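# Descriptive analysis of the structure
Given next are the chains, with one letter for each unit.
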Amino acid sequence: MAQQTAEWTGFNITEQELRRMRWQTRRENLGRSWYKFSRNPLSVVGGATVLIIILAAIFAPYITPYPDHATRPFTDFANASQPPSLEHWFGTDEIGRDIFSRTVFGFRFSLTMGVVVLSMVVPVGVILGLIAGYFQGSRIDTIIMRITDIFLAVPPLILALAIASVLEPNLFNSMVAVSLMWWPWYTRLVYGQATALRNEFFVSSAEVTGASTAHILFREILPNTLSPIFTKISLDMGWVIIIGASLSFVGLGVQPPKPGLGTMVASGAKYLPDQWWISLFPALAIVVLVLGFNLLGDGLRDLFAAEEI
Amino acid sequence: MRTLTFIARRAFHAIFVLLGLSIVIFIIARIMPGDPARVAVGARAPEWVVEQLREQMHLNDPLPIQYYYWLTDALHGDFGISLVTRRNVADDIREFFPASLELAFTSLLITAVLGIGLGTLSARHKDKFIDNVVRVISYMGVVTPSFVFAILFLLLFGYVLDLFPTIGRLSEGVPRPPTVTGFMTIDSLLAGNFTALFDALHHLILPAMALAMGTMAQEARITRASMSENLTKDYIAAIRAFGVPERTVMGRFLLKPSLIATISIMGLDFAGGLANAFLVELIFVWPGLSRYGMNAILRKDLNAISAVILVLGVVFIVVNIIVDLVVARLDPRIGLRAARSD
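This is a predicted model, so every value here is computed, not measured. (Residues numbered from 1 in each chain as written. Chains lettered and ligands numbered in written order. Predicted model: local features only at pLDDT ≥ 70, side-chain atom pairs only at ≥ 80, totals over all residues. Heavy atoms only, no water.)

What follows covers the interface of chain B and chain A. Much of the literature gives interface size as the accessible area that the parts lose upon coming together. Counting residues at the interface gives 39 residues for chain B, matched by 37 residues for chain A. At the boundary of chain B with chain A, total buried surface from both sides reaches about 3500 Å², with 84% on carbon and sulfur atoms. For the chain B face of the interface with chain A, the top three residues by lost area are Tyr139(B), Val143(B) and Phe147(B), together amounting to 15%. The interface formed by chain B and chain A includes 1 salt bridge. Arg221(B) is the salt-bridge partner of Asp298(A), the closest N and O atoms lying 3.8 Å from each other. Counting across the interface, chain B meets chain A through 3 residue pairs in polar contact (both at pLDDT 80 or more). Among the elements of the structure, helix H1 (2–31), helix H6 (129–143), helix H7 (146–160), helix H11 (246–283), helix H12 (289–298) and helix H13 (302–330) of chain B are those that each provide at least two residues to the side of chain B that touches chain A. Of the residues forming the side of chain B that touches chain A, the biggest block, 8 residues, is contributed by H11(B). Within the side of chain B that touches chain A, the residues separate by chemical class into 32 nonpolar, 5 polar and 2 charged. (Contact = heavy atoms within 4.5 Å. Buried area = accessible area lost by both parts, 1.4 Å probe. Salt bridge = Lys/Arg side-chain N within 4 Å of Asp/Glu carboxyl O. Polar contact = N/O pair within 3.5 Å; in protein donor to acceptor, adjacent residues only side chain to side chain. Helix = DSSP H or I, 4+ residues; strand = E, 2+ residues; numbered from the N terminus. Nonpolar A, V, L, I, M, F, W, Y, C, P; charged D, E, K, R; others polar.)

Written out as structure tokens, the structure is:
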């Protein structure tokens, strides 16, 4: 195989040298991408926000002033419903828990939601899209895409509400519900790409040389669909977090006393407008998190879009 | 003729999608752990009552036959009895749905006017100060969940500035117009009751705005993008070269083709708005489908849940057909064909 490559290209290079050159190109591309990315201050702000929130969520027990208020049942009625102060940056809630600490812990649930849902959804959606797209016109294509149509026919939040409602309300089940709703978007995205790519020469050459279907799907077609997939993933993080918070908000996600961001907004809504800080700060935390992911996603999209040319 | 075939094709597709949706809903309702008959009569009812009900509800039949019964009942508008209100689910929906629909339509109106307006403004003053302001607004609109907007508006306009009422559809003491359509504004207009009309509008604005913010942001972004793309096209340069006033160029020749993308998204947004209304209604204590739906969800009232989802699905699909028709109307190529046959 190594010899062949050398003969075909007409140059006298070994496989090893070729690999080294490939790595070098890749490294240069990466450097150039980072340069392009860092030129847009908004993308950098978004990336930094996401990074800080992830770190804060991981090290929450060490950096928050009152980790106990978030991790175990806690009441302190003497300090209940305190407005924001130096002692309690975001104030305290109706039973005296520090809202700042709880908000930082709340990021854990939102991030888990985003990561778990997307890592369940993307492989399933992508594989179904590849199969349907490659076998376009066959019965399997019809079956997959019609099912996709049905799921796309209803707004994701509504079906997620329905599915979450028949399951036991907790974080895991809300992730299941959102995942069941989310895969069709990836199927449709990849389907569009795959139907275009299946007629390309590199695919037909692979077919002619007798490559297996799995090889064609995953080694020939998939690599060419990766950049739109990654772009969609980075933009979807924000959406999934919003839907997760919405489910928690209506009581179908993270259950109190656990500090889900949506859960905290909902339980504080009862005390509006007098104790506005109870729900306002967790609500703003959701906005900051989603804003961070969207700015980052936009930056990445510009990168990928530029690379495609 | 072309429109008719188009509608027929879309309707056929819609029926297919609805059938699929009904199967999904049916499966969701049936995989739930627990015996629907037992849930319906309560834990203390004797076993023979449950068995009788089970027979009556066709629960002893195989699943496809159960689905057949469920579907034929649903087609007749019979979704069974709600566990929450102990009434017919269909009656409940007839009572609560108009309030949600009124909210969603108002927010659609706001979305259309403000979204297209801001997008046009943005495209016209591209890369100037106004454009940047609109971009920031639309970005914030996209990243902020509607229930957060609801809380922000409630605090800011409802309490700090005290401009709008924050609870329900009508103030206390204002005479309720007789229910005809279920839309408070239309009903008061029909009754000639202008106090109620203005009060209803006053109550509508805040929740509708909260609901509209996210979709409005999206419309503004899309309108801006497609307008600034069309601005670079040759036909605009040609029209300008003829000396057509800039206002006409913008309003007639640029806006119309640019709206195609905006309106296609608007259909999706309307249905998304109905879903988000669930969250906004909770904050503004709006007596709509969401409070009913939420209670149904918390009590695991399957008849009500499936009916609510099916109704929302139907609305979504119908709205999308309407949107496709409007888009077909707006498409300049179809317009050209009509002009030639004249």
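Next comes the rest of the write-up.
Moving on, we get to the domain arrangement of chain A. Domain annotation of chain A identifies domain 1 (5–38) and domain 2 (46–308). The C-alpha centroid of domain 2 of chain A is placed 35 Å from the C-alpha centroid of domain 1 of chain A. (Domains from an automatic or database assignment.)

All names here are of chain B. Direction vectors running N to C along H7 and H11 enclose 25°, while the axes themselves pass 8 Å from each other. Considered as vectors, H7 and H11 are oriented roughly parallel to each other. Handedness of the crossing formed by H7 with H11: right-handed. In this structure, H7 contributes Ser146, Phe147, Ala150, Ile151 and Leu154 to the contact, and H11 contributes Asn276, Leu279, Val280 and Ile283. The residue makeup of the contact of H7 with H11, split by class, is 7 nonpolar, 2 polar and no charged. (Axes fitted to C-alpha atoms, helices over the stretch in contact; angles between N-to-C directions. Parallel < 35°, antiparallel > 145°, perpendicular 65-115°, else oblique. Left-handed = near helix turned anticlockwise from the far one by under 90°.)

This part covers the nonpolar core. Taken as a class, soluble globular proteins show a tendency for nonpolar side chains to be buried jointly. Among the nonpolar cores identified, the biggest contains 153 residues, and Val178(A) and Phe147(B) are the most heavily contacted of them. Of all the elements, H13(B) adds the most residues to this core, at 16 residues. In contact with Phe147(B), other than residues within four places in its own chain, are Ala245(A), Ser246(A), Phe249(A), Val265(A), Ile286(A), Leu279(B) and Ile283(B). Counting residues in each nonpolar core, the second largest holds 7 residues, with Ala123(B), Ile236(B), Ile239(B) and Met250(B) among its members. (Core = buried A, V, L, I, M, F, W, Y, C linked by side-chain atoms within 4.5 Å. Buried < 20%, exposed > 50% of the residue type's maximum accessible area, 1.4 Å probe, protein only.)

With that settled, consider helix H8 (residues 156–166) of chain A. Across the 11 residues that make up H8(A), a large majority, 10, are buried. Residues Leu157(A), Ile158(A), Leu159(A), Ala160(A), Leu161(A), Ala162(A), Ile163(A), Ala164(A), Ser165(A) and Val166(A) constitute the buried set of H8(A).

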